[in-house]
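So you can see what is in the structure, the chains are spelled out below.
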Amino acid sequence: MSESASTTSGKPERAGRAGSGATKKRGLFARIALFVRQVIAELKKVVRPTRNELFTFFVVVIVFVLAIMAYVGLIDLAFGRLALWVFGG
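Residues numbered from 1 in each chain as written. Predicted model: local features only at pLDDT ≥ 70, side-chain atom pairs only at ≥ 80, totals over all residues. Heavy atoms only, no water.

A. Here's a closer look at the overall build of the protein chain. A count of helices and strands for the protein chain gives two helices and zero strands. The burial tally for the protein chain puts 6% of its 89 residues in the buried class. With the model as given, the accessible surface of the protein chain reaches about 8,300 Å², and the carbon-plus-sulfur share is 68%. (Helix = DSSP H or I, 4+ residues; strand = E, 2+ residues; numbered from the N terminus. Buried < 20%, exposed > 50% of the residue type's maximum accessible area, 1.4 Å probe, protein only. Areas by Shrake-Rupley, 256 points an atom, 1.4 Å probe, with all protein chains shown as cover.)

Have a look at this one:
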């Protein structure tokens, strides 16, 4: 691939910049094509988790969510009891 995301910003350079020389302005479709090529190049770098890693991540998320639910539930119960004790009921 001749144009990569690290070397091309996707914006046309202006002739007034120092050291730019004679540069041409890219057309709309050329910029869209460059963007699509850069997106595809970045997607090729994505590493997908294995089945075991995915299952481990799933279990970690479920355990974390359950722990937060228990914590918030206990705090809610404590504040509810405190409100009943303070305001009567």
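B. Up close: the pattern of salt bridges. This structure, assessed with the given rule, holds one salt bridge. A salt bridge links Glu-42 to Lys-45, with the nearest nitrogen and oxygen atoms 3.2 Å apart. (Salt bridge = Lys/Arg side-chain N within 4 Å of Asp/Glu carboxyl O.)

C. The arrangement of helix α2 (residues 51-87) in detail. The end-to-end C-alpha separation of α2 is 53 Å, in line with the 54 Å expected for 37 residues at 1.5 Å each. Where α2 terminates, the next one or two residues include Gly-88, which has phi positive at roughly 75 degrees. (Expected span 1.5 Å × (residues − 1).)

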